[in-house]
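Close look at the chain arrangement
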Amino acid sequence: MDVSRALFAAGAFAACLAVAAGAFGAHALEARLAPERLATWELAARYQLFHALALLAFAWAAAEWPRFPAALAGGLLLAGLVIFCGTLYALALGAPRWLGAVTPVGGVLLLVAWLTAAAGALRA
């Protein structure tokens, strides 16, 4: 499987999970979580959906621009998405607070992914 198809599949799967997480938060967790925890859950679902769409865009870029560093940018984006959103989901559900120290690692990976994509687009 080429990189563009892998990124598209990952983006589509991540988007599906984001929609499911958003619906789960709105319907199953709304009455069970404190408002600040529900807001954390919603933030995670929102970031997941936006970055799932970004994976679809990276897949397009990989197909259109042969020199675009799709594997690197997409891998960084996917890792950042899992770490950032995953820790936020866990914190919303009551995971230990120290896990919040891991969340910025995911955010940095997302930033580096975007910078890698920008540099790659300029070189492609």
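Quick look at the structure, then. No experiment lies behind these values; they were computed from the predicted model shown.

**Description of the packing of helix H1 (residues 3-29) against helix H2 (residues 35-64)**
At a closest axis distance of 8 Å, the pairing of H1 and H2 adopts a crossing angle of 160°. Here H1 lies roughly antiparallel to H2, going by the angle between them. Every pair of crossing elements has a handedness; the one defined by H1 and H2 is left-handed. Classifying every residue of the contact of H1 with H2 gives 22 nonpolar, 5 polar and no charged.

**A look at the packing of aromatic side chains**
Under the defined criterion, the tally for this structure stands at 7 aromatic pairs. When the centroid spacing of 5.9 Å and the interplanar angle of 55° are considered together, the rings of Phe24 and Trp41 count as tilted. Of this pair, Phe24 sits in helix H1 while Trp41 sits in helix H2, and the two are 17 residues apart along the sequence. Judged by its relative accessible area of 7%, Trp41 is buried. An angle of 55° between the planes, with centres 4.6 Å apart, marks the rings of Trp41 and Tyr89 as tilted. With a gap of 48 residues between them, Trp41 in helix H2 and Tyr89 in helix H3 (residues 70-92) connect regions that are remote in the sequence. The exposure classification of Trp41 matches that of Tyr89, with both residues buried. Taken together, Phe58, Trp60, Trp65, Phe68 and Trp114 form an aromatic cluster joined through their ring pairs.

**A closer look at the side chain of His51**
Looking at the element boundaries, His51 is found in helix H2. According to the relative accessible area criterion, His51 is buried, its value standing at 9%. His51 has contacts with Leu77, Leu81, Leu110 and Trp114, leaving out every residue within four places of it along the chain.

Calculation criteria
- Residues numbered from 1 in each chain as written.
- Predicted model: local features only at pLDDT ≥ 70, side-chain atom pairs only at ≥ 80, totals over all residues.
- Heavy atoms only, no water.
- Axes fitted to C-alpha atoms, helices over the stretch in contact; angles between N-to-C directions.
- Helix = DSSP H or I, 4+ residues; strand = E, 2+ residues; numbered from the N terminus.
- Parallel < 35°, antiparallel > 145°, perpendicular 65-115°, else oblique.
- Left-handed = near helix turned anticlockwise from the far one by under 90°.
- Nonpolar A, V, L, I, M, F, W, Y, C, P; charged D, E, K, R; others polar.
- Phe/Tyr/Trp six-rings, centres within 6.5 Å; stacked < 30°, edge-to-face > 60°.
- Buried < 20%, exposed > 50% of the residue type's maximum accessible area, 1.4 Å probe, protein only.
- Contact = heavy atoms within 4.5 Å.

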